[in-house]
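# Structural overview for review
Here's the letter readout for the chains.
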Amino acid sequence: MALEIRNVNKTYMMGTEEVRALQDVSVSIKENEYVAIMGPSGSGKSTMMNVLGCLDTPTSGEYHLGGQDVSQMNDDQLADVRNQQIGFVFQTFNLIPRANVFHNVELPLVYGGVRPSEREKMAESAIEKVGLTDRKSHKPTELSGGQRQRVAIARALVNKPSIILADEPTGNLDSTTGEEIMAILDDLHKVGNTIILVTHEKSIAEHAHRIIRLKDGRVESDITTARANGAANGVN
Amino acid sequence: MKALYDTAESLKIALAAIKANKSRGVLTTLGIVIGIMAVVTTMTAANGLGNTFRESISALGSDVLYVSRRPWVISGNFFEFRNRKNVELKEAEKLDRYLANAVAINPTTNTNKNVKYRSSTLEAITIIGTTDKHMMVSASVPESGRFLTAFDVQFKRPVCVIGSEIKERLFEHVDPVNKRMKIGRTSYRVIGVMEKQGSAGFFGGPNFDRQIFVPITAFMKSFGGHNRDFSIAVKAPPNIALADFEYEVTGEMRKIRKLRPTEGDDFSINQMNQLVGAYNKVMGVIVIIGLVITGISLFVGGIGVMNIMFVSVTERTREIGIRKAIGARKRAILSQFLFESSAICLIGGGLGLLLAFGVAALISKFLMPASVSLPIVVVAMCVSVLTGVLSGFIPALKASKLNPIDALRYE
Ligand SMILES: Nc1ncnc2c1ncn2[C@@H]1O[C@H](COP(=O)(O)OP(=O)(O)OP(=O)(O)O)[C@@H](O)[C@H]1O
Ligand SMILES: [Mg+2]
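Residues numbered from 1 in each chain as written. Chains lettered and ligands numbered in written order. Predicted model: local features only at pLDDT ≥ 70, side-chain atom pairs only at ≥ 80, totals over all residues. Heavy atoms only, no water.

### Quick notes on the sheet that holds strand β9 (residues 210–215) of chain A
All names here are of chain A.
- Pairing in this open sheet of six strands is mixed, and the strands run β6-β7-β8-β3-β9-β10 from one edge to the other. In this open sheet, the two strands that pair with only one neighbour each are β6 (86–89) and β10 (218–224). Here the average twist between neighbouring strands, direction ignored, is 15°.
- Summarising the sheet, strand β7 (residues 163–167) and strand β8 (residues 194–198) pair through five bridges and their orientation is parallel. What sits directly across from Ile163, in β8, is Thr194.
- Together, β6 and β7 form the strand contacts of helix α5 (residues 145–157), whose direction differs from that of β6 by roughly 170°. (Pairing = 2+ DSSP bridges. Helix = DSSP H or I, 4+ residues; strand = E, 2+ residues; numbered from the N terminus. Axes fitted to C-alpha atoms, helices over the stretch in contact; angles between N-to-C directions. Contact = heavy atoms within 4.5 Å.)

Written as structure tokens, this is what we have:
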């Protein structure tokens, strides 16, 4: 599913001062692209991701997701889009601490109204994809950071969304664990998902085929890497 | 079908949340516990009192009219009735003659006397002069011995039938039948003991177990017949409405007293239902007081639950953000917290109900038969859930309206 933002602005009011987190940003991302968003701290990466993930609404501008005008949607429609179309992976994992791995992964299906029997199958297959079948009934606190992020990925992909958004998914992990997480994202890209990730690390960004750089809320550069051409030729 | 899953899921999530905060939830429910206990106890006690009362006044007979000088239940001006003349014995005889269709007519009169058996004395016992017809107008029967006969009445025999409390308190371990006892200064022989009636005494009603029946003729000989006020029990025939029969009796009494059409009745016609009416009034007040207490405790409890739900929502702001981020609609969040508050209240209600069962058991043991009935249980549970929904609504609404990104950022 393709997404396109056009002339998006996001302004925060801090007292009397305006913070312009996004300024006139226009980006269009096609289906099955693998995009890394980079830029210095405070440049608006997370803000842009949140807009793309329908978690936040821009102050102005347009957002079309698979032909639908997101800016016209109400809260419940946005919730449905987040549930069906988008899988979000956060830097801080954002798992529900009381619930075990299985229930965390199952939750999007619960809100999606999937029957319990089917839910179990889907959740288990998602957990298997991230290699955590033997940790199914563990609580998040009983897992390592890498394992938690894999749970978060399983939760993001359980509903078979076409877009995976990851805001610094490896930010809290060491480089080996980070590579493991990236391998999972690479696989998801290979099976047809659109992947957009935010990162500070060059090595992580190199997994992507297109790098968008932000600075002060503006798009500074938007380049397609050589890798992308390689991927298009089936070389990886 | 989907709504059903949603419900089940919300319930599961709610129960998990409560389990995680057990002690806090239980403390919060104290108000609910007391409220539900109050409502269940009030309703159970009211039921128990009602049954006891109805049972104890059943001796009066539901199809019997009592012609007396004054109404049993006086509302309004008491003095209006003070100057009325007594109902006389000969008026009973006339009524007997004129009211051909009455099943039975029984004049009674009463006085208070001290009674004595050997060395024990009971003070101010109601002595009732009556006839053998008493058996036809009243549902009560002797438990041992026999009741007065026409023969006893005709020959003014000094015999008496005593109530169960007299037997217990005056005779203790002796069989009273055929014993001689003193009523006032006259010696009477006990010929029977009445069955226990249960007491309506605590409403200021008559205590039928603290009575002694003697032949009306012997009564007048022992205690004087001059200037005595009588009450005439008239049992209605089965095929006529009591109101119609009352009209008939009133008519005959007015004829006997030669009242002109412009004059009001100078006598009263009483019946069991009047006592029931008076009882219901008293009970209504008691129930209202009980419900006010219930309402107050439920209100206080509800505020407590609301408070704890606000805390719960605030504490779990991030969790709400996560749920919204993965696609929970407003309604899902709303119902999650509504279920949580309802479940807390339901647990409180359950505890209150358990306590109420205990209180009911105590009441049964020491006061009167009382048992918690199923409808009361159902009402109590519904009230608990309703309290939960009402007190959880505002916090739940707040939770459901949270902006996902703000909720996620919440520290
Ligand atoms: N809720 C908010 N209220 C006010 N200002 C905000 C808020 N969220 C973000 N900002 C501001 O918007 C700008 C962009 O923030 P954003 O989180 O998008 O940066 P970022 O590129 O993700 O940075 P980092 O790499 O540190 O995560 C920053 O200047 C930040 O201070
Ligand atoms: Mg960021």
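More follows now that the structure is in view.
### Observations concerning the interface of chain A and chain B
- On the chain B side, the residues contacting the 25 residues of chain A number 27 residues.
- Summing both partners gives a buried area of about 2400 Å² for chain A against chain B, and 55% of it is carried by carbon and sulfur.
- Considering only the side of chain A, the residues that lose the most area to chain B are Leu55, Arg98 and Tyr111 of chain A, jointly responsible for 28% of the buried surface there.
- At the surface where chain A touches chain B, the tally comes to three salt bridges. (Buried area = accessible area lost by both parts, 1.4 Å probe. Salt bridge = Lys/Arg side-chain N within 4 Å of Asp/Glu carboxyl O.)

### A short note on the pattern of salt bridges
- Across all of its chains, the model carries 28 salt bridges over all chains by this definition.
- For Glu33 of chain A, the salt bridge goes to Arg210 of chain A, with nearest N and O atoms at 3.0 Å. One end of the pair, Glu33 of chain A, is in the loop between β2 (17–29) and β3 (34–38); the other, Arg210 of chain A, is in strand β9, with 177 residues separating them in the sequence.
- In this structure Glu33 of chain A comes out as buried when scored by relative accessible area, which is 16%.
- The buried category is assigned to Arg210 of chain A, whose relative accessible area is 9%.
- Here the salt bridges share partners, and the residues they tie into one network are Arg98 of chain A together with Arg316, Glu319, Arg323 and Glu340 of chain B. (Buried < 20%, exposed > 50% of the residue type's maximum accessible area, 1.4 Å probe, protein only.)

### Observations regarding the packing of helix α3 (residues 30–57) of chain B against helix α13 (residues 374–401) of chain B
Residue and element names in this part refer to chain B.
- As a packed pair, α3 and α13 sit with axes 10 Å apart at the nearest point and diverge in direction by 155°. Judged by the angle between their axes, α3 and α13 are roughly antiparallel. Classified by chirality, the crossing of α13 by α3 is right-handed. For the pair α3 and α13, contact is made by Ile32, Ile36, Val40, Met43, Thr44 and Asn47 and by Ile376, Val379, Ala380, Val383, Ser384 and Thr387, respectively.
- A per-class count over the contact of α3 with α13 returns eight nonpolar, four polar and no charged. (Parallel < 35°, antiparallel > 145°, perpendicular 65-115°, else oblique. Left-handed = near helix turned anticlockwise from the far one by under 90°. Nonpolar A, V, L, I, M, F, W, Y, C, P; charged D, E, K, R; others polar.)

### Looking at the domain arrangement of chain B
- Along its sequence, chain B is carved into domain 1 (2–56 + 277–409) and domain 2 (63–270).
- Its C-alpha centre places domain 1 of chain B at a distance of 52 Å from the equivalent point of domain 2 of chain B. (Domains from an automatic or database assignment.)

### Considering the side chain of Lys10 of chain A
- Note that Lys10 of chain A resides in strand β1 (residues 3–14).
- Within polar-contact distance, the side chain of Lys10 of chain A engages the side chain of Asp56 of chain A at 3.2 Å. (Polar contact = N/O pair within 3.5 Å; in protein donor to acceptor, adjacent residues only side chain to side chain.)

### What about helix α11 (residues 317–325) of chain B?
Residue and element names in this part refer to chain B.
- The element α11 is extensively covered by neighbouring structure, given that eight of its nine residues are classed as buried.
- Among the residues of α11, those classed as buried are Thr317, Glu319, Ile320, Gly321, Ile322, Arg323, Lys324 and Ala325.
- Backbone geometry just after α11 places Gly327 at a positive phi near 110°.

### Side note on empty space enclosed by the protein
All names here are of chain A.
- Evaluated as defined, the whole model comprises two cavities of 30 Å³ or more.
- Quantified by volume, the largest cavity comes out at close to 110 Å³.
- Elements with a minimum of two residues in the lining of the largest cavity: α2 (75–84), β6 and α5.
- For the lining of the largest cavity, the residue count by class is eight nonpolar, four polar and two charged. (1 Å grid on protein atoms, 1.4 Å probe; cavity = no way out; pocket = protein on both sides within 12 Å on 5 of 7 lines; lining within 4 Å. Points joined across faces, edges and corners; volume = space filled by probe spheres on them.)

### Some details on the packing of α3 of chain B against helix α10 (residues 272–315) of chain B
Residues and elements named next belong to chain B.
- Contact geometry of α3 with α10 gives a least axis separation of 7 Å together with a crossing angle of 170°. As judged from the angle between their axes, α3 and α10 are roughly antiparallel.
- Broken down by class, the residue content of the contact of α3 with α10 amounts to 20 nonpolar, nine polar and no charged.

### A closer look at unusual backbone geometry
- In this structure, Phe93 of chain A is a non-glycine residue whose phi angle is positive, near 65°.
- On the secondary structure map, Phe93 of chain A appears in the loop between β6 and α3 (101–111).
- Phi is positive for Asn178 of chain B, close to 75°, though the residue is something other than glycine.
- As for its placement among the helices and strands, Asn178 of chain B is situated in the loop between α7 (164–171) and β6 (180–183).

### A short note on the packing of aromatic side chains
- Taken as a whole, this structure holds six aromatic pairs over all chains when the rule is applied.
- Between the aromatic rings of Phe88 of chain A and Phe90 of chain A, the centroid separation amounts to 4.7 Å while the plane-to-plane angle is 20°, which identifies the pairing as stacked. The pair Phe88 of chain A / Phe90 of chain A is uniform in exposure class, with both members buried.
- For the ring pair Phe219 of chain B and Phe223 of chain B, a centre distance of 5.0 Å and an interplane angle of 75° mean the geometry is edge-to-face. With Phe219 of chain B and Phe223 of chain B both in helix α8 (residues 216–223), this residue pair falls four residues apart, about one helical turn.
- Overall, the relative accessible area of 0% leaves Phe219 of chain B in the buried class.
- Residue Phe223 of chain B is classed as buried on the basis of its relative accessible area of 14%. (Phe/Tyr/Trp six-rings, centres within 6.5 Å; stacked < 30°, edge-to-face > 60°.)

### Overview of the confidence of the model for chain A
All names here are of chain A.
- Averaged over every residue, the pLDDT of chain A is 91; the share at 70 or more is 95%.
- The secondary-structure element of chain A with the lowest mean pLDDT is helix α8 (residues 226–232), recorded at 52, while β3 shows the highest, at 96.
- Here residues 230–236 is modelled with pLDDT under 50, and outside its nearest four sequence neighbours on either side it reaches four contacts, counting other chains as well. (pLDDT = per-residue confidence, 0-100.)

### Thoughts on the environment of Pro404 of chain B
- Counting through the fold element by element, Pro404 of chain B comes out in helix α14 (residues 404–409).
- Each C-alpha atom, one on Pro404 of chain B and one on Thr317 of chain B, is 9.3 Å from the other, the two residues being 87 residues apart in sequence.
- Discounting residues that sit within four places of it in the chain, Pro404 of chain B has contacts with Leu55 and Arg82 of chain A together with Gly321 and Lys324 of chain B.

### Some remarks on the confidence of the model for chain B
All names here are of chain B.
- Looking at chain B, the pLDDT average stands at 86 and 93% of residues meet or exceed 70.
- Looking at the elements of chain B, mean pLDDT is at its lowest for helix α1 (residues 2–20), recorded as 67, and at its highest for strand β5 (residues 159–162), recorded as 96.
- Overall fold confidence (pTM) sits at 0.75, and the ipTM for the predicted complex is 0.92.

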